[in-house]
Protein chains: 2
Amino acid sequence: MFSKACEYGIKASIFIALNSYENKRVSLKAIAKEINSPEAFTAKILQDLARHNIINSTKGAHGGFEIDKYAISSIKLSQIVNAIDGDSIYKGCGLGLHTCDEEHPCPVHDKFKAVRDELKHMLESTNLEELALDIKSGVAFLKT
Amino acid sequence: MFSKACEYGIKASIFIALNSYENKRVSLKAIAKEINSPEAFTAKILQDLARHNIINSTKGAHGGFEIDKYAISSIKLSQIVNAIDGDSIYKGCGLGLHTCDEEHPCPVHDKFKAVRDELKHMLESTNLEELALDIKSGVAFLKT
DNA sequence: TAGAAATAGGATAAAACTATCCGAATAATT
DNA sequence: AATTATTCGGATAGTTTTATCCTATTTCTA
Ligand code: FES
Ligand code: FES
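Computed from a prediction, not measured in an experiment: that's the story for all the values here. (Residues numbered from 1 in each chain as written. Chains lettered and ligands numbered in written order. Predicted model: local features only at pLDDT ≥ 70, side-chain atom pairs only at ≥ 80, totals over all residues. Heavy atoms only, no water.)

1. Examining the nonpolar core
1) Next: If you look at the biggest cluster of nonpolar residues, it comprises 94 residues, and the most contacted ones within it are Ile 31, Leu 49 and Ile 55 of chain A together with Ile 31, Leu 49 and Ile 55 of chain B.
2) Next: Sequence-distant contacts of Ile 31 of chain A, that is, excluding residues within four places in its chain, are made with Ala 12, Phe 15, Ile 16, Val 26, Thr 42, Leu 46 and Phe 65 of chain A. (Core = buried A, V, L, I, M, F, W, Y, C linked by side-chain atoms within 4.5 Å. Buried < 20%, exposed > 50% of the residue type's maximum accessible area, 1.4 Å probe, protein only. Contact = heavy atoms within 4.5 Å.)

Structure (structure tokens):
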């Protein structure tokens, strides 16, 4: 469904958010360890999220990643997915036609669109804060 | 959402079904042309579908692919997707945890599962016949 | 029975995705 | 100012997915 990069990106964002509530910056190393992801690959994804202004990065000693704590509740899952995987999951045709077009639909258009729209709605209505709180309260987990 | 292989497999199956209603076998070449897919790659996918007994293939002159016309309405989209892409789309964790487990959920588990289950239901309740009829009646298309 | 028309299947290549390595740049600490 | 800790970014490598090529095998037809 999502690429590995996107999975790592979502998990990393949740972990960064969690720490940002306590005004703690987290290092790449700590993130990769927490979400069980390859360090160098995760670095690329974090750079990408930083370029999209979803997270902030600070270089040098005591550097690391953080998110404005007052922005966490307004960051939607869709922003992260969109930054990493693009918008084909929201807009693309389920059977790979060049565009998903009501006027020229593929055979699964109506049925697929319903599912795709529900996914879109889910991603657009879920924010980082609620996900972070589920980790904090221990009802959800970031790794096996 | 689906792999290219799966997209081609679904489209090819629909086209084969359409022709099978008229007792016509279709060749790889005709299929690839109709669904706008690379011939040799499509051949691999058709072999796969044949091994899964979703379509029948006949070698030699006048050979080609067909589907038992009385079975078309009982072939579900889920069978095709499952044969080509496997079952991770139904069962896998949205954030890539080793298994999707209610007892050890990832942060998006509840929300993701709802979407995944709707997709599953859609695929399991859609059969080849209805898709083929939409092509026949001209309300849907197999290529751009 | 020879030839033509197909699919089957193995080998290979190209592209995309995932992952690693290393030096450059930056910022805090000593 | 030197050292250390850290991200950035370019180069490279490995893996999976997508795509191509060629030969073998099968079946129909003449
Ligand atoms: S045209 Fe295929 S999903 Fe809309
Ligand atoms: S545990 Fe992640 S979707 Fe169920």
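The rest of the description comes next.
2. Some details on the packing of aromatic side chains
1) Next: For the structure on display, the rule yields 4 aromatic pairs over all chains.
2) Next: A centroid spacing of 6.2 Å and a plane angle of 50° characterise the contact between Phe 2 of chain A and Phe 112 of chain B, whose relative ring orientation is tilted. Separated into two different chains, Phe 2 of chain A in the segment before helix 1 (4–20) and Phe 112 of chain B in helix 6 (residues 109–125) make up a pair that spans both.
3) Next: We classify Phe 2 of chain A as buried; its relative accessible area is 9%.
4) Next: Here Tyr 8 of chain A and Phe 41 of chain A contribute two aromatic rings whose centre-to-centre distance is 5.9 Å and whose plane-to-plane angle is 85°, an arrangement assigned as edge-to-face. With a gap of 33 residues between them, Tyr 8 of chain A in helix 1 and Phe 41 of chain A in helix 3 (residues 39–51) connect regions that are remote in the sequence.
5) Next: A relative accessible area of 12% means that Tyr 8 of chain A is categorised as buried. (Phe/Tyr/Trp six-rings, centres within 6.5 Å; stacked < 30°, edge-to-face > 60°. Helix = DSSP H or I, 4+ residues; strand = E, 2+ residues; numbered from the N terminus.)

3. Notes on the relation of the copies chain B and chain A
1) Next: Between chain B and chain A, the superposition needs a rotation of 180° and an axial shift of 0.0 Å, giving an RMSD of 0.1 Å. Within this description, the copies of the chain are treated as partners about a two-fold rotation axis. Minimal C-alpha separation from the rotation axis in chain B is found for Met 1 of chain B, amounting to 2.7 Å.
2) Next: Take the interface residues of chain B: 100% of them recur as interface residues in chain A, which is what a same-surface contact looks like. (Least-squares fit on C-alpha atoms with pLDDT ≥ 70 in both.)

4. With respect to helix 7 (residues 128–136) of chain A
Residue and element names in this part refer to chain A.
1) Next: Listing the buried residues of helix 7 in full gives Leu 128, Leu 131, Ala 132 and Ile 135. Along the axis of helix 7, the buried positions cluster into a sector of 100°, meaning they face one direction only.
2) Next: As for helix 7, its buried residues are in contact with helix 1 and helix 4 (77–85).
3) Next: Residue Asn 127 occupies the N-cap position of helix 7, its side-chain oxygen lying 2.9 Å from the main-chain nitrogen of Glu 129. (Arc of directions from axis to C-beta. Polar contact = N/O pair within 3.5 Å; in protein donor to acceptor, adjacent residues only side chain to side chain.)

5. Concerning the protein's contact with DNA strand C
1) Next: Around DNA strand C there are 23 residues in total, and Lys 4 and Pro 38 of chain A together with Leu 28, Lys 44 and Ser 57 of chain B lie nearest to it.
2) Next: For DNA strand C, the fraction of protein-proximal atoms (within 4 Å) that sit in sugar or phosphate groups is 64%.
3) Next: A distance of 3.2 Å is found between a sugar or linking oxygen of DNA strand C and a backbone nitrogen or oxygen belonging to Gly 60 of chain B.
4) Next: Between a base nitrogen of DNA strand C and a main-chain N or O atom of Ala 61 of chain B, the distance comes to 3.2 Å.
5) Next: Among the elements of the structure, helix 1 and helix 3 of chain A together with helix 3 (39–51), strand 1 (56–58) and strand 2 (64–66) of chain B are those that each provide at least two residues to the surface near DNA strand C.
6) Next: Of the residues assigned to the surface near DNA strand C, the class counts are 9 nonpolar, 8 polar and 6 charged. (Near = heavy atom within 4 Å. Nonpolar A, V, L, I, M, F, W, Y, C, P; charged D, E, K, R; others polar.)

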